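Chain and residue survey
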Amino acid sequence: MIETIVFDVGETLTKDDRYWASWADWLGVPGHTVSCLVGAVAAQGREQDDALRLLSPDMDVAAAYHARESAGRGEYLDERDLYPDVRPALGGLREAGHRVIVAGNASARAAELLRDLDLPADLVVTSGDWGVAKPDPSFFERVLEVSQAGPAETLYVGDHPAEDIFPARQAGLRTAHLRRGPWGHLWAEDPDVVAAVDWRIDSLTQLAAAVAE
């Protein structure tokens, strides 16, 4: 029985389009260029930040991130960045008695912004808060610490096979692959992904019925 459901952040709960558009504005390039490069590195199984390094090979992404913050053009999140199924899905799962946690790769600032949205979740935390990021096994050790349930009773939901599905599975968690965003769509029918997941979903609202089976 699933007791705790843990959600990734980017392209699981939040849309990344404004995030990448803000980088395009900062770098002075068309938004479509950045979007295409993000898709290219996704197809190659590379890190998202590699899209920025393709535009500026010598870029220190962390330093550029802080420069944007200092210039008043830093990270932001509001209700527009949430997928429309997020609130009904998370709220419904809590009402059904599940512990709901948000835990994904994002900055500490993103965690603050997410908490300000008052999501129907018992805990909102990011890799920036913990100082360790997926797919590091230590991240999923932290997930299990806050889960308050065993690995077999904890479900991790995400779109990215290499960062979400495979490491969560290796840690003994149950997994649900969300067909959303570039990674979710690109790898949806990959045999290794299909074999590694307990559930394959197109919307977060499908989870309630899935875990009740």
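To be clear, the structure that these remarks concern was listed above.
Since we're looking at a predicted model, the values are computed, not measured. (Residues numbered from 1 in each chain as written. Predicted model: local features only at pLDDT ≥ 70, side-chain atom pairs only at ≥ 80, totals over all residues. Heavy atoms only, no water.)

So, the sheet that holds strand 3 (residues 123-126)
The following threshold applies: When DSSP finds two or more bridges between a pair of strands, those strands are recorded as paired. We count a stretch as a helix when DSSP gives it H or I for four or more residues in a row; a strand needs E for two or more, and each element gets its number in order from the N terminus. All axes are obtained by fitting lines to C-alpha atoms, using only the stretch in contact for helices, and the reported angles, taken between N-to-C directions, cover 0 to 180 degrees. In what follows, residue pairs with any heavy atoms lying within 4.5 Å of each other are defined as contacts.
Pairing is parallel in the open sheet, where six strands are placed in the order 3-2-1-4-5-6. Because the sheet does not close on itself, it has two edges, and the strands there are strand 3 and strand 6 (199-201). Averaged over all neighbouring strand pairs, the angle between strand axes comes to 20°, with direction disregarded. Strand direction decides the pairing type here: strand 1 (residues 4-7) and strand 2 (residues 99-104), joined by four bridges, are parallel. Of the residues in strand 2, the one forming a bridge with Phe-7 is Val-102. Contacts from helix 5 (residues 86-95) reach strand 1 and strand 2 within the one sheet, and its direction differs from that of strand 2 by about 140°. Each of strand 4 (154-158) and strand 5 (174-178) is contacted by helix 9 (residues 161-170), which is oriented at about 160° to strand 5, the strand it contacts most.

Digging into the environment of Ala-210
In plain terms, the rule: When accessible area is computed with a 1.4 Å probe and restricted to protein chains, residues below 20% of their type maximum are described as buried, those above 50% as exposed, and intermediate ones as partly exposed.
Considering the arrangement of structural elements, one finds Ala-210 in helix 12 (residues 207-212). The buried category is assigned to Ala-210, whose relative accessible area is 9%. Counting along the chain gives 100 residues from Ala-210 to Ala-110, while the straight-line C-alpha distance between them is 29 Å.

Honestly, that's just the spatial picture; any functional story needs more than this.
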